[in-house]
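Chain by chain, the residues:
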Amino acid sequence: MIRITNIKIYEDLDNNNLINVVTKKFKIDKNDIIEWHIVKKSIDARKKDNVHYNYSIDLKLKNESKYNKFDKVKKISLPSIKINNLNSKKVVVIGSGPSGLFSALTLIQNGIKPIVIEQGSPVEEREQQVEVFRKTGKLDTLSNVQFGEGGAGTFSDGKLTTGIHSPFCKKVLEEFVNFGAPEEILYLAKPHIGTDKLIKVIKNMREYIISKGGKFLFNTKVIDFNINDNKISSVICKDTNSTYEISASHIILAIGHSSRDTFQKLYEKGINMEKKNFSVGVRIEHLQEDINKAQYGNSKLKLPPADYKLSYHLPNGRSCYTFCMCPGRRCYCIF
Ligand SMILES: Cc1cc2nc3c(=O)[nH]c(=O)nc-3n(C[C@H](O)[C@H](O)[C@H](O)COP(=O)(O)OP(=O)(O)OC[C@H]3O[C@@H](n4cnc5c(N)ncnc54)[C@H](O)[C@@H]3O)c2cc1C
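Residues numbered from 1 in each chain as written. Predicted model: local features only at pLDDT ≥ 70, side-chain atom pairs only at ≥ 80, totals over all residues. Heavy atoms only, no water.

Looking now at the overall build of the chain. Tallying secondary structure elements over the chain gives seven helices and 16 strands in all. Across its three principal directions, the C-alpha atoms of the chain cover 70 × 50 × 45 Å. Looking at the chain as a whole, 38% of its 335 residues are labelled buried. Surface accessibility of the chain: about 21000 Å² in total, with carbon and sulfur atoms responsible for 51%. In the chain, the 52 positive side-chain charges and the 36 negative ones have mean positions that sit 4 Å from each other. (Helix = DSSP H or I, 4+ residues; strand = E, 2+ residues; numbered from the N terminus. Buried < 20%, exposed > 50% of the residue type's maximum accessible area, 1.4 Å probe, protein only. Areas by Shrake-Rupley, 256 points an atom, 1.4 Å probe, with all protein chains shown as cover. Lys, Arg positive; Asp, Glu negative; His and termini not counted. Charge placed at Lys NZ, Arg CZ, Asp CG, Glu CD.)

This is the structure in structure tokens:
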């Protein structure tokens, strides 16, 4: 495989036209192409009179020796998480937000069949509950915009940008694609899935975990923990009808940051907890046309609604930054 980077494109092209332009520009015989894919697509709008797309693509070619001047793709194997000696263990995952779902998936990929306990509803039902709340203001305290399968950000567009550079980021994106997210999230500079698609992706993940022997208990809240000799032995669950005990040799607390009663219970049990910094946000709304103008100038390309990112770091380590900027008709940004 060879990689061609920094390909500047000054027109809107579909994939067929893109490969035609690239082969012509870099003198590649189209008949030599075995396969190709986009590795990165971004918009370079730093100079307003020179706005263009920037692509990197990988090509698998016959007669590769003809193309020595291009960089070879370095194979990077994704990190795998190996869990040892857990075969006979009973793992309970509490919460089915991103942390809980990916924990359950990783356990399943290691041959361990977890029980996932979620106080809210499955994502399809949750969608309706959120709709009822938006229309009537009637709040279900256990299944709502924050709580339920998919977790806190499910109804917020599914932005996938992050400032961290962990190799697991790629693994997460690839798993999303495996479960039905658009492939473009693998190469777009600022990928997002979109709430409508994300709901299907989450459902597919759950169905896969169940097909491999995992179990989901929805509308079920973990209300207590039995700990003997410093080891967890079971969790106490409450669903709409009853309170019961589930034995557990290990638990994963994937409860997010808003499950105050559960944190209170952990505190009462004397479980060690570490505080984590949090950010306080404000919402700012702009007219999209203003942001487009500021970012793209008068470009004639069919560009998506523009976004922006700002940050300011103080010497004392504190900072102020934009987070979750949502371009759209009235685009907003949370500082
Ligand atoms: C409005 C909003 C928009 C966001 N948008 C984005 C975005 O676009 N992109 C992005 O990357 N991040 C976004 N985030 C942040 C993202 O949602 C969180 O970082 C992420 O959800 C944290 O995942 P988590 O699994 O740790 O916790 P959560 O998603 O909070 O999931 C925890 C789950 O545990 C369940 N639970 C808690 N206690 C119990 C219990 N005792 N028993 C049973 N179940 C329990 C809860 O019901 C919940 O479903 C957004 C957050 C919010 C609030």
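Turning our eyes to something else, we now look at the environment of C324. Secondary-structure assignment places C324 in strand β15 (residues 323-326). Residues C324 and E183, 141 residues apart in the sequence, show an inter-C-alpha distance of 21 Å.

With that settled, consider the sheet that holds strand β3 (residues 52-61). Read across the open sheet, the four strands follow the order β2-β3-β1-β4; overall the sheet is antiparallel. Each having just a single partner strand, β2 (33-44) and β4 (71-72) make up the two edges of the open sheet. Strand direction decides the pairing type here: strand β1 (residues 2-9) and β3, joined by six bridges, are antiparallel. Residue pairing for β3: I4 is matched across the bridge by I57. Running over the sheet, helix α1 (residues 15-25) touches β1, β2 and β3 and is turned about 100 degrees from β2. (Pairing = 2+ DSSP bridges. Contact = heavy atoms within 4.5 Å. Axes fitted to C-alpha atoms, helices over the stretch in contact; angles between N-to-C directions.)

A few words on the site of the ligand. The local shell around the ligand holds 25 residues, among which S99, E118, A152, K159 and S259 are the closest. Note that an oxygen atom of the ligand is positioned 2.6 Å from one of the side-chain N or O atoms of E118. T262 places a polar side-chain atom, nitrogen or oxygen, 2.9 Å from a nitrogen atom of the ligand. Elements represented by at least two residues in the shell around the ligand include exactly α2 (98-109) and β8 (221-228). When the residues that make up the shell around the ligand are grouped by side-chain class, the tally is eight nonpolar, 14 polar and three charged. (Near = heavy atom within 4 Å. Polar contact = N/O pair within 3.5 Å; in protein donor to acceptor, adjacent residues only side chain to side chain. Nonpolar A, V, L, I, M, F, W, Y, C, P; charged D, E, K, R; others polar.)

Attention shifts here to helix α3 (residues 123-136). Quick reminder: α-helices carry 3.6 residues per turn. Residues three or four places apart thus point the same way. Taking 1.5 Å of rise per residue, 14 residues should cover 20 Å, and α3 covers 20 Å from first to last C-alpha, within 8% of that figure. Of the positions making up α3, those classed as buried are V123, R126 and V130. Considered in projection along α3, the buried side chains sweep an arc of 50 degrees and stay on one side of the axis. Facing away from the buried side of α3 by more than 90 degrees, the exposed set consists of Q128, K135 and T136. (Expected span 1.5 Å × (residues − 1). Arc of directions from axis to C-beta.)

Quick look at the domain arrangement of the chain now. Taken domain by domain, the chain holds domain 1 (2-72), domain 2 (91-268) and domain 3 (283-334). Centre-to-centre, using C-alpha coordinates, domain 2 lies 30 Å away from domain 3. (Domains from an automatic or database assignment.)

So, on to the packing of α2 against helix α4 (residues 168-178). One way to put it is that α2 packs onto α4 with a least axis distance of 13 Å and a crossing angle of 85 degrees. Relative to α4, α2 is oriented roughly perpendicular. Mapping the contact onto sequence places F102, L105 and Q109 in α2 and K171, V172, E175 and F176 in α4. When grouped by side-chain class, the residues that make up the contact of α2 with α4 number four nonpolar, one polar and two charged. (Parallel < 35°, antiparallel > 145°, perpendicular 65-115°, else oblique.)

Attention now goes to the packing of aromatic side chains. Applying the stated criterion across every chain, the model contains five aromatic pairs. Their ring planes at 85 degrees and their centres at 5.5 Å tell us that F102 and F176 sit as a pair that is edge-to-face. With F102 in helix α2 and F176 in helix α4, this residue pair connects regions lying 74 residues apart in the sequence. According to the relative accessible area criterion, F176 is buried, its value standing at 10%. Relative to F218, the ring of F216 has its centre 5.6 Å away and its plane inclined at 20 degrees; by these criteria the two rings are stacked. (Phe/Tyr/Trp six-rings, centres within 6.5 Å; stacked < 30°, edge-to-face > 60°.)

This part takes up the sheet that holds strand β11 (residues 250-253). Sheet architecture is open: four strands sit in the order β7-β6-β5-β11, paired in parallel fashion. The open sheet is flanked by β7 (215-217) and β11, the only strands paired with a single partner. Strand-to-strand, the axes of this sheet are offset by a mean angle of 20 degrees, without reference to chain direction. Relative to β11, strand β5 (residues 91-94) is paired through four bridges, and the arrangement is parallel.

Taken together, the buried positions of helix α7 (residues 288-296) are occupied by Q288, I291 and Y296. Buried residues of α7 fall within an arc of 100 degrees about the axis and therefore sit on the same side. In α7, the exposed positions angled more than 90 degrees off the buried face are occupied by E289 and K293. Buried residues along α7 sit in contact with β2. Downstream of α7 by a residue or two, G297 has a phi angle that is positive, lying close to 60 degrees.

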